[in-house]
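Each chain, letter by letter, is given below.
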Amino acid sequence: MNGAKLASDTAMVLSAGLGKRMRPLTATQPKPLVRVAGKSLIDHALDKLDAAGVEKAVVNVHYLADALEGHFKARHKGPQVTVSDERAQLLETGGGMVKAAPLLPETFFCLNSDNIWLDGPVDVFHELSRAWDPEAMDALLLLVSHPRAMNYRGEGDFHLDAVGRVSRRKPGRVAPFIYSGIQIVSKRLLRDAPEGPFSTNILWNRAIEEGRVFGISHTGLWFEVGEPGAIKPTEEWLTRA
């Protein structure tokens, strides 16, 4: 592949959200099935995992879950998909990881199902794996600088110190890095987690205080595709690439 060993053979793909910002396209389909450049968002993510050699994907489902499950059954290539069923209760990002934990190894990739990106010289999963240190890290985030974040209009999320430790943007300030929605997670991050629905931010905050959340800067391009108006410019970028 890329001359480096992957940190894990498994990824969790977060796919259970309601996709409210993508309405009206999500009125009749879950957001992961919205198509960009001729391919559903979830297939963009799964195909990237497959190309990198990640063999298994645990995908959580809630909104219009039957449509997603049918889509997975119709795929004829990797990775092997296992569903974490959240039909009964939407658990948000952190709660979704905790529910899926029995299906996940000690170290796993985690990514949002609506991510679209172009790799740099090395694919992002090998890029993260090369920087991963399970002794020092509970999470390693793939971060994107503003010039590499297409369609993004926000103020950024994180700073990195000289050794790559993450700190949050201060209120009213701009931070140089945006979270891409892709990370490596150790199950240590999930310890003593709250019950029910909660955001991964709760787990990150504790780990940031402990100095155990790190980040690396993505060397390719990343596209925010959170609402219908972002689809066309993203397709134009991908056509040029």
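Placed above this text is the structure.
What counts, and where the lines are drawn
- Residues numbered from 1 in each chain as written.
- Predicted model: local features only at pLDDT ≥ 70, side-chain atom pairs only at ≥ 80, totals over all residues.
- Heavy atoms only, no water.
- Pairing = 2+ DSSP bridges.
- Helix = DSSP H or I, 4+ residues; strand = E, 2+ residues; numbered from the N terminus.
- Core = buried A, V, L, I, M, F, W, Y, C linked by side-chain atoms within 4.5 Å.
- Buried < 20%, exposed > 50% of the residue type's maximum accessible area, 1.4 Å probe, protein only.
- Contact = heavy atoms within 4.5 Å.
- Phe/Tyr/Trp six-rings, centres within 6.5 Å; stacked < 30°, edge-to-face > 60°.
- Lys NZ or Arg CZ within 6 Å of the ring centre and 35° of its normal.
- Right-handed = clockwise from strand over helix to strand, strands pointing away.

This next bit is on the sheet that holds strand E14 (residues 221-223). With respect to topology, three strands assemble into an open sheet ordered E7-E14-E9, the strand pairing being mixed. At either margin of the open sheet sits one strand with a lone partner, and together these are strand E7 (116-118) and strand E9 (149-150). As paired strands, E9 and E14 are joined by two bridges and run parallel to one another. Note on E14: the bridge partner recorded for alanine 149 is tryptophan 222.

For the rest of this paragraph, the subject is the nonpolar core. Ranked by size, the top nonpolar core spans 35 residues in total, and within it Leu49, Leu111 and Phe125 carry the most contacts. Element by element, the count of residues in this core is highest for helix H1 (residues 41-52), at five residues. The residues contacting phenylalanine 125, other than those within four sequence positions of it, are Leu6, Lys48, Leu49, Ala52, Val54, Phe109, Leu111, Trp117 and Ile182. If you look at the next biggest cluster of nonpolar residues, it comprises 25 residues, including Ala101, Cys110, Phe198 and Ile208.

Counted under the stated rule, the structure contains five aromatic pairs. Ring geometry for tryptophan 117 and phenylalanine 125: centres 6.0 Å apart, planes at 75°, overall edge-to-face. On the basis of relative accessible area, tryptophan 117 is assigned to the buried category, the value being 3%. On the accessibility criterion, phenylalanine 125 (1% relative accessible area) is buried. Seen from their ring centres, tyrosine 179 and tryptophan 204 are 4.9 Å apart, and the 90° between their planes marks the pair as edge-to-face. In this pair, tyrosine 179 is assigned in strand E12 (residues 177-186) and tryptophan 204 in helix H5 (residues 200-209), connecting sequence segments 25 residues apart. You'll find tyrosine 179 and tryptophan 204 in the same group, each marked buried. Looking at arginine 240, its charged tip hangs above the ring of tryptophan 237, at a distance of 4.6 Å from the centre.

Across the six residues of strand E4 (residues 56-61), five count as buried, placing the element largely inside the fold. The sheet contact formed by strand E1 (residues 10-14) and E4 spans four bridges and is parallel. Bridge pairing in E4 places alanine 11 opposite alanine 57. Here E4 pairs with strand E5 (residues 80-85) via six bridges, running parallel. Bridge assignment links alanine 57 to a residue of E5, and that residue is valine 81. What joins E4 to E5 is helix H2 (residues 65-74), and the crossover it makes is right-handed.

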